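Inside the fold
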Amino acid sequence: MIIKIILLKEGTDSSQGIPQLVSNISACQVIAEAVRTTLGPRGMDKLIVDGRGKATISNDGATILKLLDVVHPAAKTLVDIAKSQDAEVGDGTTSVTLLAAEFLKQVKPYVEEGLHPQIIIRAFRTATQLVWAVLINLILPLCPREQRKLLEKCAMTALSSKLISQQKAFFAKMVVDAVMMLDDLLQLKMIGIKKVQGGALEDSQLVAGVAFKKTFSYAGFEMQPKKYHNPKIALLNVELELKAEKDNAEIRVHTVEDYQAIVDAEWNILYDKLEKIHHSGAKVVLSKLPIGDVATQYFADRDMFCAGRVPEEDLKRTMMACGGSIQTSVNALSADVLGRCQVFEETQIGGERYNFFTGCPKAKTCTFILRGGAEQFMEETERSLHDAIMIVRRAIKNDSVVAGGGAIEMELSKYLRDYSRTIPGKQQLLIGAYAKALEIIPRQLCDNAGFDATNILNKLRARHAQGGTWYGVDINNEDIADNFEAFVWEPAMVRINALTAASEAACLIVSVDETIKNPRSTVDAPPAAGRGRGRGRPH
């Protein structure tokens, strides 16, 4: 007699074996379908509306997958690799998702036939190591003398698949200028991006310094000067307004004079702070905390400019550009803690007023001011610039490039195909499957542009077999071309990272042999409507 032992809670969903593995692979392919058409210069955009009704238009793989709110546990792996690609190299998020899904699609027949997952994983790991070794030999180092021109080419390649591809030359120059202004660490947060609705895309500008939106101001602000030459800048984290009494504070006084003394003391504390700031020689006062109406009027009377409630990141970037340091007290405002810049100016941009600090001596920061029509369009422009900035940073840090447009994938595919014919056993089939999966990138580029993918891929295979290493898809002429000569370049790091992450994700999903889904706990759930005391509301 077989005794049935129940280990798991009632309602637990457990699936195992080949059917659930095939189900996981199918889920990953559905994810890839969502971003498939966004790849390349002729890729389409997706309009995604979230639960609150906010619409986002994007063709960035990572952004789309983040907004999709995926619940399938295996499919979430593809979302995670797209996010990691976005964080690590900035571009290639759609490619990495497509590659992982295609790797799984190619091994699906072998899984259904009962091939052990560990054999597949071993073959994929071997293929990844081979690809890595070939890539290292293929990459071309950047020439230091022409570094700037080459970085612009990389930025243009990154922007060519975005919504702003028509203005890629304009923005590529701005992006390279921006990254060149940073220090050796190339910190992304030192590049500010501000969006101002209205105007044309070409009205966008790059400020070699700091610019931020005018903060909330009190009466007296309009009397302050709006332009200074060589001012000293005080950066504070100090509240410059009369504090309201706390609700739970209690002061007992017996005479009117005692009460007046308390009020006078409060005013004296504020005036004491203001005098110290004035005597420090600062002409521009920025504070993270509020600057009240009394302080605003005081500064206006002395030809000083002030701005309170400045966002912390803007205050830090001002410090990085103008020097000085953020003070939490006004007692030690010496010359070495004050910042300096050549020109401070408040200017009208579109419907907004902006504070500009230019000609900064320690300028290791810069600000993009983006113009454009619709809000969604400007948000997508910001995402596109983020990708281009990340690409240029990568190209500076790892100064080597490869040709894009499916050229590198076709070359690696050719190498793996040739290698697979030299080895016996099941590995031969699996490495051949890996090689075929790599062709998804040029194939999808053709499909998205409306070309005959089979015809173009046949041409590419023939040309690569004859030694045309850098031949890829020529989107403009519906043909193949030497993409290295055509300056379709991207940092080698993007491809290395995409291939490694995609094969790791494929191995991870193939290695799962059982999925156990626990039932949702009812202990912490909110009480159901109408189950409390009383009869509930009648319908």
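Just so it is clear, the model here is predicted, and its values are computed rather than measured.

Things to note about the packing of helix α4 (residues 93-112) against helix α14 (residues 440-449)
- Running from amino to carboxyl end, α4 crosses α14 at an angle of 115°, the nearest separation of the two axes being 10 Å. Helix-helix and strand crossings are classified by hand; for α4 and α14 the assignment is right-handed. Of the residues in α14, those in contact with Ser95, Leu98, Leu99 and Glu102 of α4 are Ile440, Ile441 and Gln444.
- Considered class by class, the residues forming the contact of α4 with α14 number four nonpolar, two polar and one charged.

With respect to the domain arrangement of the protein
- For the protein, the domain assignment lists domain 1 (13-139 + 402-512), domain 2 (143-208 + 374-398) and domain 3 (211-362).
- The C-alpha centroid of domain 2 is placed 26 Å from the C-alpha centroid of domain 1.
- Both faces considered, domain 1 and domain 2 share a buried interface measuring about 1900 Å² in area, 56% of it formed by carbon and sulfur atoms.
- Looking only at domain 1, the three residues that lose the most surface to domain 2 are Asp91, Trp489 and Pro491, adding up to 27% of its buried area.

Notes on the pairing of strand β18 (residues 479-482)
- Looking at chain direction, strand β17 (residues 471-474) and β18 are connected through four bridges and run antiparallel. Residue pairing across strands places Asp474 opposite Asp479, the latter belonging to β18.

Some words on the pairing of strand β13 (residues 343-349)
- Across three bridges, the pairing between strand β8 (residues 227-229) and β13 is antiparallel. Among the inter-strand pairings, His229 is bridged to a residue of β13, identified as Val343.
- In the sheet, β13 pairs with strand β14 (residues 352-358) via seven bridges, with the strands oriented antiparallel. Its bridge partner being in β14, Gln348 is matched across the sheet by Arg353.
- Hairpin remark: β13 followed by β14, antiparallel, with two residues in the connecting loop; positive phi at Gly350, about 60°.

Topic: the sheet that holds β8
- One open sheet accounts for four strands, arranged β7-β14-β13-β8; its pairing is antiparallel. Looking along the sheet, the strands with just one partner apiece sit at the ends: β7 (209-213) and β8. Averaged over all pairs of adjacent strands, the angle between strand axes in this sheet comes to 25°, irrespective of strand direction.
- Strand direction decides the pairing type here: β7 and β14, joined by five bridges, are antiparallel. What sits directly across from Ala211, in β14, is Phe356.
- Here helix α10 (residues 312-322) sits on the sheet in contact with β7 and β14, set at roughly 155° to β7.

Things to note about the side chain of Ser160
- Tracing the backbone shows Ser160 in the loop between α6 (147-159) and α7 (168-181).
- Side-chain polar atoms of Ser160 contact the backbone oxygen of Thr157, separated by 2.8 Å.
- Those residues in contact with Ser160, other than ones at most four positions away along the chain, are Pro41, Ser165 and Lys168.

Remarks on the pattern of salt bridges
- A full pass over the atoms with the stated rule returns 28 salt bridges.
- One salt bridge in this structure joins Arg125 and Glu504, with 3.9 Å as the shortest N-O distance. In this pair, Arg125 is assigned in helix α5 (residues 117-138) and Glu504 in helix α16 (residues 492-510), connecting sequence segments 379 residues apart.
- For Arg125, a relative accessible area of 41% corresponds to the partly exposed category.
- By relative accessible area, Glu504 is classed as partly exposed at 43%.
- We note a salt bridge from Arg317 to Asp314, for which the minimum N-O separation is 3.4 Å.

Calculation notes
Residues numbered from 1 in each chain as written. Predicted model: local features only at pLDDT ≥ 70, side-chain atom pairs only at ≥ 80, totals over all residues. Heavy atoms only, no water. Axes fitted to C-alpha atoms, helices over the stretch in contact; angles between N-to-C directions. Helix = DSSP H or I, 4+ residues; strand = E, 2+ residues; numbered from the N terminus. Left-handed = near helix turned anticlockwise from the far one by under 90°. Contact = heavy atoms within 4.5 Å. Nonpolar A, V, L, I, M, F, W, Y, C, P; charged D, E, K, R; others polar. Domains from an automatic or database assignment. Buried area = accessible area lost by both parts, 1.4 Å probe. Pairing = 2+ DSSP bridges. Polar contact = N/O pair within 3.5 Å; in protein donor to acceptor, adjacent residues only side chain to side chain. Salt bridge = Lys/Arg side-chain N within 4 Å of Asp/Glu carboxyl O. Buried < 20%, exposed > 50% of the residue type's maximum accessible area, 1.4 Å probe, protein only.

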